[in-house]
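Now for the letters of each chain:
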Amino acid sequence: MAAELHVALVAADREVWSGEATLVVARTTSGDIGVMPGHQPLLGVLESGPVTIRTSDGGTVVAAVHGGFISFADNKLSLLAEIAELAEEIDVQRAEQELARAKAEDDAEAQRRADVRLRAATAAR
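Residues numbered from 1 in each chain as written. Predicted model: local features only at pLDDT ≥ 70, side-chain atom pairs only at ≥ 80, totals over all residues. Heavy atoms only, no water.

Notes on the UniProt feature "coiled-coil region" (unreviewed entry) in the chain
When the UniProt feature table is mapped onto this chain, "coiled-coil region" (unreviewed entry) is found at residues 76-114. Segment residues 76-114 splits into 51% helix and 28% strand. End C-alpha atoms: 30 Å apart. (UniProt positions renumbered as here; feature names shortened; annotations may be inferred. Helix = DSSP H or I, 4+ residues; strand = E, 2+ residues; numbered from the N terminus.)

Next up, the structure:
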């Protein structure tokens, strides 16, 4: 059996996903990071971006994450996000409309959120 790490992706309002994984890739203020079982302990600040989780059964879970923290110790990875959505929960058409509206209003923060949501949604398809 391959080594595994326990992952919990939690948003301010709910547990988004939890389970066993072999690899998690996330964007931090220091750049993209991949965490595998046995990784050195870690505490970092999450940037907005897609988080990719390679599950122990060979599947892939992708989520749009907007801010928060990442913590790893004893093969337990916690992603504590301000906002997080699984890719399959994202309405692509609505996200595209939000991106167009944000561009029209020159709202950089809303553009970034909509872009991250679209990248997560399309990465999972």
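Alright, that's what it looks like, and here's the rest.
Looking at the nonpolar core
Counting residues in each nonpolar core, the largest one holds 25 residues, and the members touching the most others are Val 7, Val 24, Leu 77 and Leu 79. When residues of this core are traced back to their parent elements, those giving at least two are strand 1 (5-11), strand 2 (14-28), strand 3 (31-35), strand 4 (42-46), strand 5 (49-55), strand 6 (60-73) and strand 7 (76-86). Residue contacts for Leu 77: discarding those within four places in its chain leaves Leu 5, His 6, Val 7, Ala 8, Val 24, Val 35, Ile 70, Ser 71 and Phe 72. Val 62, Leu 99, Ala 120 and Ala 121 belong to the second largest nonpolar core, which has eleven residues in total. (Core = buried A, V, L, I, M, F, W, Y, C linked by side-chain atoms within 4.5 Å. Buried < 20%, exposed > 50% of the residue type's maximum accessible area, 1.4 Å probe, protein only. Contact = heavy atoms within 4.5 Å.)

Quick notes on the pairing of strand 7
With six bridges joining them, strand 1 and strand 7 adopt parallel strand pairing. Bridging from a neighbouring strand, His 6 pairs with Lys 76 of strand 7. The pairing of strand 6 with strand 7 spans ten bridges and is classified as antiparallel. Within strand 7, the position partnered with Phe 69 by the bridge is Leu 80. As consecutive antiparallel partners, strand 6 and strand 7 are separated by two residues, and within that stretch Asp 74 has a phi angle of approximately 50°, a positive value. (Pairing = 2+ DSSP bridges.)

Some details on the pairing of strand 2
Where strand 1 meets strand 2, seven bridges bridge the pair, whose relative direction is antiparallel. Across the sheet, the residue bridging to His 6 is Glu 20, located in strand 2. Across four bridges, the pairing between strand 2 and strand 5 is antiparallel. From the neighbouring strand, Leu 23 faces strand 5, where its bridge partner is Arg 54. Hairpin remark: strand 2 followed by strand 3, antiparallel, with two residues in the connecting loop.

As for the pattern of salt bridges
Where charged atoms of side chains with opposite charge meet at close range, the side chains can pair. Taken as a whole and judged by the stated rule, the model has eight salt bridges. A salt bridge links Arg 27 to Asp 32, with the nearest nitrogen and oxygen atoms 2.7 Å apart. One salt bridge in this structure joins Arg 117 and Glu 85, with 2.7 Å as the shortest N-O distance. Taken together, the residues span a long stretch of sequence, with Arg 117 in helix 2 (residues 108-123) and Glu 85 in strand 7 at a distance of 32 residues. Here Arg 117 falls in the buried class, since its relative accessible area comes to 8%. Since its relative accessible area comes to 17%, Glu 85 is described here as buried. Where salt bridges share partners, they join Glu 85, Arg 94, Glu 98 and Arg 117 into one cluster. (Salt bridge = Lys/Arg side-chain N within 4 Å of Asp/Glu carboxyl O.)

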